[in-house]
Amino acid sequence: MVVQCQARHQTGQAISIAPVIAGNLDYIRIDFLVTDNCLYAGEIVVYPGAGYGTTTNPAFAGEIERLWRLDQSAFLRRRHKGVVRLYADTLRARYRSGIANDQAGA
């Protein structure tokens, strides 16, 4: 019973800490490592599947694409400088031209 209580407490800690680590990123996965006394942030990734992820369920992939709006991403809402600004401006222009998320890489 004590282990379950500690696990619940650490789960609550992870849930409260994760948004602080994520900041205003649109997507981030944080894996936590749990010991008897501590909670550690483990692997932190900004792309699922190292950006090469695939899904076997097209309906699930379609729902993710529908819900994640590139034009509303934290990256495009932020002001940038230098080369990153050029990239962000180009990405915004490409999005505004009507190219959907799934066609942006083509």
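Above this text is the structure in question.
Values in this document were obtained by computation on a predicted structure and should not be read as measured data. (Residues numbered from 1 in each chain as written. Predicted model: local features only at pLDDT ≥ 70, side-chain atom pairs only at ≥ 80, totals over all residues. Heavy atoms only, no water.)

S.K.: What exactly am I supposed to notice about the overall build of the protein chain here?
M.R.: Helix and strand counts for the protein chain stand at 4 helices and 2 strands. Going residue by residue from the N terminus, the α and β elements of the protein chain occur as α-β-β-α-α-α. The burial tally for the protein chain puts 14% of its 106 residues in the buried class. A total of about 8500 Å² of accessible surface is found on the protein chain, and carbon and sulfur atoms cover 59% of it. (Helix = DSSP H or I, 4+ residues; strand = E, 2+ residues; numbered from the N terminus. Buried < 20%, exposed > 50% of the residue type's maximum accessible area, 1.4 Å probe, protein only. Areas by Shrake-Rupley, 256 points an atom, 1.4 Å probe, with all protein chains shown as cover.)

S.K.: For this particular structure, what's the right way to read the pairing of strand β1 (residues 29-34)?
M.R.: Within a regular strand, side chains alternate between the sheet's two faces. In this sheet, strand β2 (residues 39-45) lies alongside β1 in antiparallel orientation, the contact comprising 5 bridges. Across the sheet, the residue bridging to I30 is I44, located in β2. Hairpin geometry of β1 and β2 is characterised by an intervening segment of 4 residues between the two adjacent antiparallel strands. (Pairing = 2+ DSSP bridges.)

S.K.: Looking at this structure, I do not really get the pattern of salt bridges. What am I missing?
M.R.: Using the criterion set out here, one finds 4 salt bridges in the structure. A salt bridge links D89 to R85, with the nearest nitrogen and oxygen atoms 3.7 Å apart. With D89 and R85 both in helix α4 (residues 82-96) and 4 residues apart, the pair spans about one turn of that helix. You can call D89 partly exposed: its relative accessible area is 34%. The class of R85 is partly exposed, set by a relative accessible area of 47%. Residues participating in the shared-partner salt-bridge network are R29, D31 and E43. (Salt bridge = Lys/Arg side-chain N within 4 Å of Asp/Glu carboxyl O.)

S.K.: What's the story with the side chain of H80 in this structure? I'm lost.
M.R.: Locating H80 in the fold gives a position in the loop between α3 (74-77) and α4. H80 sits in the buried class, given a relative accessible area of 18%. There is a polar contact of 2.7 Å between the side chain of H80 and the backbone oxygen of F75. With residues up to four places along the chain from it excluded, the contact list for H80 reads F75, R85, A88 and R92. (Polar contact = N/O pair within 3.5 Å; in protein donor to acceptor, adjacent residues only side chain to side chain. Contact = heavy atoms within 4.5 Å.)

Distances and angles like these do not, on their own, reveal function.
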